[in-house]
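# Summary of the model geometry
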Amino acid sequence: MSKIYDSLKATVNREMISKAASLVEENDSKVSSAVRSIIPGLLGIFMKKGNTAQVKNILDEAGSENILSNMNGIFCDNPNKTQQNIGDQFLEKLLGDKAADFTSAISSDSGISKVATNRLVSMLGPVVAGFLGNKLVKEKWSMADLMGELNKEKSSIMADIPSGLKNSFGLNNIADNRNTVKTPDKKKKNNSWITWLIIILLLLLLIFWWRSCRNTRTPELDRTYDTVKSRTTQVIDTVRNASDRAVDRVRNRDTTSITLSNGDRITVYRNGMEEKMVRFLNSNDYKNASADDLKSRWFEFEDINFVIGSATEFLDSDSRRHVRNISSIMKSYDNSKIRIAGYADRTGDADYNMELSEQRANYIKSLLVADGISANRITTEGFGEEKATRSENAPDDERAKDRDIAFRFIK
């Protein structure tokens, strides 16, 4: 049996590295060095925290979809949607909110820029997921088999991981993690039933008490019982109605479906950006607008936010749905053209943030193009941290709002 680590490294050949180097505008030797660090780095983190049901599901999908069948697309920066989605999910589960730490360690060790490193990590995410997925699906391995084989090669893998990466992710002492697949924690059950149980118990106690007193009943006791019963019923009905109204209110401000001009239906946030875009496209304001009129009409998607330091990783899974909706809208209104603006928060160097914001805008463009939208209908620009409204020291969940995307229509 050939070693997993050696086989995986051999999957990325010299031609692929050369193509990647050309795309990220770095020399071949530095890109090769980065690749030689990214692959063992991802394997090390997988050995430490990847033995979960969620990761197994991603790998099963990667193997079933055979996402390594088009390796050239990945290294030409033109992965198909399945490759990109699986790669993003795999990286998100492994790196989580420490994606920037992973990028920084690889960038520092290999000597290439963080933006170039981000793009390489995005390329290699589906490669590693596809390779491991093939072991599970095509070769019928279990997760225990996979972890066991990787543990046998642990020393070789660890030797190639940069020390900064080991320290950031606690990889110096990877435990033998081959035995079981962890299952996700069950969500806590809603405790609203306790209220109903108490009400029902009180009613039962009241009925029991009333029956025990039947032999000594008086008109006054009967009237008291009837009053209590009536008021209890009213309380239950009031609570039930209030609950129904609350559910309706939540539903109304959650999602709705809208029909596009070509008959397609998309699910959107009620009165959200997609709905506003469609409303604008159907209006005379858009039909009669000049190019200058459109310059100030931006549609900002607050739910398309990026992981800090990343141009390809979203914070929220809903971001993908928003991008797909924009694609559907552009397909329906096939004469429309858009300009995508990318933004960054105030963390780090201003020049780097400018470059990163441009990469974010271009990444959204690449997703739309991969979904069939002509590239000549989309232009991009980056604003860096110019439009950021949160301070560099603000909590990350606040700064995340500055790492977003906006669109406007162009003529």
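Predicted, not measured: the structure shown is a model, and the values here were computed from it.

## Comments concerning the confidence of the model for the protein
Considering every residue of the protein, the mean pLDDT works out to 77; 79% of them sit at 70 or more. Per-element confidence in the protein ranges from a low mean pLDDT of 47 for helix H13 (residues 219–252) to a high of 90 for strand S5 (residues 378–382). Within the model, the stretch residues 175–192 combines pLDDT values under 50 with 25 contacts to residues more than four positions away or in other chains. Here residues 235–253 is a poorly scored stretch, pLDDT under 50, and it has 7 contacts once near neighbours within four places are set aside; other chains count.

## Observations concerning the packing of helix H4 (residues 53–65) against helix H8 (residues 114–137)
Where H4 contacts H8, the axes come no closer than 7 Å and their chain directions differ by 85 degrees. As summarised for this structure, H4 and H8 are arranged roughly perpendicular, according to the angle between their axes. Contacts between H4 and H8 involve Lys56, Leu59, Asp60, Ala62, Gly63 and Ser64 on the former and, on the latter, Ala129, Gly130, Leu132, Gly133, Asn134, Leu136 and Val137. Counted by class, the contact of H4 with H8 contains 6 nonpolar, 5 polar and 2 charged residues.

## Here we look at the nonpolar core
In summary, soluble globular proteins display a tendency toward joint burial of nonpolar side chains. Counting residues in each nonpolar core, the largest one holds 63 residues, and the members touching the most others are Phe46, Leu59, Phe75, Phe90, Phe102 and Leu146. For this core, the element with the highest residue contribution is H8, accounting for 11 residues. Apart from the residues lying within four places of it in its own chain, the contact partners of Phe102 are Ile38, Gly41, Leu42, Ile45, Leu95, Val121, Leu165 and Phe169. Listed in part, the 33 residues of the second largest apolar core include Ala289, Phe301, Ile378 and Ile405.

## Things to note about the pairing of strand S1 (residues 255–259)
The side-chain alternation of S1 yields one buried face, formed by Thr256 and Ile258, and one unburied face, formed by Thr255, Ser257 and Thr259. Bridge count for S1 against strand S2 (residues 265–269) is 5 bridges, and the pairing is antiparallel. For Thr255, the partnering residue across the bridge sits in S2 and is Tyr269. Linkage of S1 to S2, two consecutive antiparallel strands, is achieved through a turn of 5 residues, within which Gly263 is found at a positive phi near 95 degrees.

## Considerations on a negative patch on the surface
Among the surface-exposed residues, Glu25, Asp349, Asp351, Glu355 and Glu358 lie close enough to one another that they form a single negatively charged patch. Overall, the relative accessible area of 37% leaves Glu358 in the partly exposed class.

## A look at the pattern of salt bridges
As enumerated under the stated definition, the model contains 11 salt bridges in all. As a salt-bridge pair, Asp6 and Lys9 come within 3.8 Å of each other at their nearest N and O atoms. Note that Asp6 and Lys9 are positioned in helix H1 (residues 4–11) at a spacing of 3 residues, about one turn of the helix. Look at Asp6 and you get partly exposed, because its relative accessible area is 41%. Overall, Lys9 belongs to the partly exposed group, its relative accessible area being 30%. A salt bridge links Lys19 to Glu15, with the nearest nitrogen and oxygen atoms 3.6 Å apart. Taken together, the residues Lys19 and Glu15, both in helix H2 (residues 14–24) and 4 residues apart, mark about one turn of the helix. What emerges from the salt-bridge pattern is a single network uniting Asp6, Lys9 and Asp160.

## Quick notes on the sheet that holds strand S4 (residues 337–342)
With mixed pairing, the 4 strands of this open sheet are ordered in space as S3-S6-S4-S5. Among the strands making up the open sheet, the edge pair consists of strand S3 (299–301) and S5. Adjacent strand axes in the sheet meet at a mean angle of 25 degrees, parallel and antiparallel pairs treated alike. Pairing analysis gives 6 bridges linking S4 to strand S6 (residues 405–410), with the strands arranged antiparallel. Opposite Arg339, over in S6, you have Arg408 as the bridge partner. Strands S3 and S6 of the sheet are contacted by helix H14 (residues 273–281), whose axis makes an angle of about 160 degrees with S3.

## Some thoughts on the side chain of Ser122
One can find Ser122 in helix H8. Contact partners of Ser122, with chain neighbours within four places excluded, come to Gln84, Asp88, Leu91 and Thr312.

## Topic: H2
Each α-helix turn comprises 3.6 residues. Residues three or four places apart therefore point the same way. Among all positions of H2, only Met16, Ile17, Ala20, Ala21 and Val24 are buried. One side of H2 carries all its buried residues, which in axial view fall inside an arc of 135 degrees. Turned more than 90 degrees away from the buried face of H2, the exposed residues are Arg14, Glu15 and Ser22. The N-terminus of H2 is capped by Asn13, whose side-chain oxygen sits 3.1 Å from the backbone nitrogen of Glu15. Immediately beyond the C-terminal end of H2, within one or two residues, lies Glu25, with a positive phi of roughly 60 degrees.

Basis of the calculations
- Residues numbered from 1 in each chain as written.
- Predicted model: local features only at pLDDT ≥ 70, side-chain atom pairs only at ≥ 80, totals over all residues.
- Heavy atoms only, no water.
- pLDDT = per-residue confidence, 0-100.
- Helix = DSSP H or I, 4+ residues; strand = E, 2+ residues; numbered from the N terminus.
- Contact = heavy atoms within 4.5 Å.
- Axes fitted to C-alpha atoms, helices over the stretch in contact; angles between N-to-C directions.
- Parallel < 35°, antiparallel > 145°, perpendicular 65-115°, else oblique.
- Nonpolar A, V, L, I, M, F, W, Y, C, P; charged D, E, K, R; others polar.
- Core = buried A, V, L, I, M, F, W, Y, C linked by side-chain atoms within 4.5 Å.
- Buried < 20%, exposed > 50% of the residue type's maximum accessible area, 1.4 Å probe, protein only.
- Pairing = 2+ DSSP bridges.
- Patch = residues over 30% accessible without salt bridge, like charges linked within 9 Å, V, L, I, M, F, W, Y side chains within 5 Å.
- Areas by Shrake-Rupley, 256 points an atom, 1.4 Å probe, with all protein chains shown as cover.
- Salt bridge = Lys/Arg side-chain N within 4 Å of Asp/Glu carboxyl O.
- Lys, Arg positive; Asp, Glu negative; His and termini not counted.
- Charge placed at Lys NZ, Arg CZ, Asp CG, Glu CD.
- Arc of directions from axis to C-beta.
- Polar contact = N/O pair within 3.5 Å; in protein donor to acceptor, adjacent residues only side chain to side chain.

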